[in-house]
Amino acid sequence: MRILIYGGGGREHALAWKLSQSELVEKIYLYKPNPLMKNLGNEIEAADFELLAKKAKENGIDTIVVGPELPLTEGIGNVFRRWGFKVFGPDARESKLESSKVFAREFMKRNNLPTPNFKAIVEGANPSECLNEFSPPYVIKADGLAGGKGTKIVQDIAGAISILDDYLSGRAFKGAGKTTVIEEYLEGYEISAMCLWDGNTLLPIELAHDYKRIFDNDEGENTGGMGSYSPVRLTDKEKDDIYTLFSDLEKALKKENLRYTGVLYIGLMLTNKGPFILEFNVRFGDPETQCVLPRLRTDFGKVIEYTVGKRLDELHLDWSDDPCVCLVIASDGYPQSPKTDVELLIPFEKAIDEKILLFGAGITAKDGRLFNTGGRVLNIVAIGSDCKEKVYSFAETIKFQTKYYRKDIGKGRCL
Ligand code: AMP
Ligand code: GLY
């Protein structure tokens, strides 16, 4: 296989790292890689999807793996399929499972999948009347993509009304909130259940926990994820319930012809009434991928090949029992307004000596020096029984003036 990996965050870096170990992958090409992953493949540039597909053909690429949700929503899958590539990722239509909260919730409701009560509203609705149908805390979600920032959970009704005004008027997130969902708040433990999906078989991969809030003990604002851990400890009952849910979900996806080749990520809340679906994503999670892939023993090239070749019914996945943790290094001010352009000094030799994996994220290189470009900067990953101690002692050795990270990654239902 000659594979193009689209995207340059920590997730795509982990995908490229794992594919670089595959016996089935002849060559890797990278679109917009971060500087720490450039050695894993050949960089390829293009102004739009059509030009990228053309260049990919010229380079003999046969398969594209798309990391982020935005290009999928914008139709990169449609373009590459039209050019005859194998695509790991959905077309724009199926991407709505992630890019429209209303589409996803209505799909769940129609198919009796466990979903919280919800109400979709548009401009002109009376916010306080709509909120009165729910009790606090109020969960308010912009319908469209909002870079992971479109969900707000607020206690007071005045705060909820002001968010709704902002969303419905179209002022927030370039209009992504013109349709907004209000939904019932679910209490419980959250897990990330990623499944491979080929249109016929939904094949679960190992579960992970994502630490979504900015501060320790899950306090403060939601972020893209401050760390992750795999595996997650579950009771037998929870496992059974989750497998029943997957089986119902597989049937519903087929019934509604939401068939594609790639990943369906199911955000689940384990409540005292069983698992409920919080959200769908149509791609690998970030930072979950960074802590799940190091545990995979099966050739990852084979995993991609069997997914795009619609042969998941023949695939058996083999996993290491060792736990794996990913600690995200962020910059002060994240998620609202992270400080950027701050230099990073990373002890790369030490990482090699200590078997630490480093996956870059919001980083750029200038004259051989590294500077941060975004809020989430670097992922420090270790596997094995001492993985937590290892990532934390490594984090201390990174020189980065605006360095911020949570101190409790690995707590919770971890081994
Ligand atoms: P979403 O934008 O749907 O991905 O939600 C972002 C995060 O908000 C989730 O990962 C949960 O931590 C939290 N969340 C979303 N919906 C709910 C809900 N109905 N009840 C409780 N927490 C929620
Ligand atoms: N970590 C959550 C996500 O990838 O959406």
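Residues numbered from 1 in each chain as written. Chains lettered and ligands numbered in written order. Predicted model: local features only at pLDDT ≥ 70, side-chain atom pairs only at ≥ 80, totals over all residues. Heavy atoms only, no water.

A. Just the packing of aromatic side chains, in detail. Summed over the entire model, instances satisfying the criterion amount to 11 aromatic pairs. A centroid spacing of 4.9 Å and a plane angle of 45 degrees characterise the contact between F80 and F85, whose relative ring orientation is tilted. For F85, a relative accessible area of 6% corresponds to the buried category. Their ring planes at 40 degrees and their centres at 6.0 Å tell us that Y392 and Y405 sit as a pair that is tilted. With Y392 in helix α13 (residues 387–396) and Y405 in the segment after β25 (403–404), this residue pair connects regions lying 13 residues apart in the sequence. By the ring-pair criterion, three or more aromatic residues cluster together here, those being Y6, Y31 and F49. Lying across the ring of F85, K57 places its NZ or CZ 4.4 Å from the centre. Over the face of the ring belonging to Y306 we find R311, whose NZ or CZ atom lies 4.2 Å from the ring centre. (Phe/Tyr/Trp six-rings, centres within 6.5 Å; stacked < 30°, edge-to-face > 60°. Buried < 20%, exposed > 50% of the residue type's maximum accessible area, 1.4 Å probe, protein only. Helix = DSSP H or I, 4+ residues; strand = E, 2+ residues; numbered from the N terminus. Lys NZ or Arg CZ within 6 Å of the ring centre and 35° of its normal.)

B. Representation of the site of ligand 1. K141, T151, L186, E190 and E279 are the nearest of the 15 residues found near ligand 1. Within the side chain of K101, a nitrogen or oxygen atom sits 3.0 Å from an oxygen atom of ligand 1. Between ligand 1 and N222 there is a distance of 3.3 Å, counted from an oxygen atom to a side-chain nitrogen or oxygen. For ligand 1, the protein covers 91% of the area, taking 480 Å² as the surface of the free molecule. Elements that contribute at least two residues to the shell around ligand 1 include exactly β7 (138–142), β8 (151–154) and β17 (274–281). The residue inventory of the shell around ligand 1, partitioned by class, reads 6 nonpolar, 2 polar and 7 charged. (Near = heavy atom within 4 Å. Polar contact = N/O pair within 3.5 Å; in protein donor to acceptor, adjacent residues only side chain to side chain. Areas by Shrake-Rupley, 256 points an atom, 1.4 Å probe, with all protein chains shown as cover. Nonpolar A, V, L, I, M, F, W, Y, C, P; charged D, E, K, R; others polar.)

C. Structural context of unusual backbone geometry. The omega angle of the peptide bond from D286 to P287 is 20 degrees, so this bond is cis rather than trans. Take P287: it is sitting in the loop between β17 and α10 (288–292).

D. How the structure looks around the nonpolar core. Core analysis: the largest hydrophobic core is formed by 48 residues, its most contacted members being L4, F80, I266 and F280. Here I266 is in contact with I191, S192, A193, C195, F246, L249, I277, E279 and F280, once residues within four sequence places are set aside. (Core = buried A, V, L, I, M, F, W, Y, C linked by side-chain atoms within 4.5 Å. Contact = heavy atoms within 4.5 Å.)

E. Seen up close, the site of ligand 2. Close to ligand 2 lie D210, K212, G224, Y265, N281, R283, G285, D286, P287 and E288, which account for all nearby residues. Here R283 contributes a side-chain N or O atom positioned 2.8 Å from an oxygen atom of ligand 2. Taking 200 Å² as the accessible area of ligand 2 by itself, protein coverage stands at 88%. In terms of residue class, the shell around ligand 2 is made up of 2 nonpolar, 3 polar and 5 charged.

F. View of empty space enclosed by the protein. Per the stated rule, a full pass over the model turns up 2 cavities of 30 Å³ or more. One number sums up the size of the largest cavity: a volume of about 60 Å³. Secondary structure elements with two or more residues in the lining of the largest cavity: α5 (92–99), α6 (101–110) and β17. Here the lining of the largest cavity gets 4 residues from one element, more than from any other, and that element is α6. Here the lining of the largest cavity is built from residues that sort into 5 nonpolar, no polar and 6 charged. Within this model, the second largest cavity holds a volume of roughly 50 Å³. What lines the second largest cavity is L196, I205, F284, L293, L296, F300, V303, L317 and W319. (1 Å grid on protein atoms, 1.4 Å probe; cavity = no way out; pocket = protein on both sides within 12 Å on 5 of 7 lines; lining within 4 Å. Points joined across faces, edges and corners; volume = space filled by probe spheres on them.)

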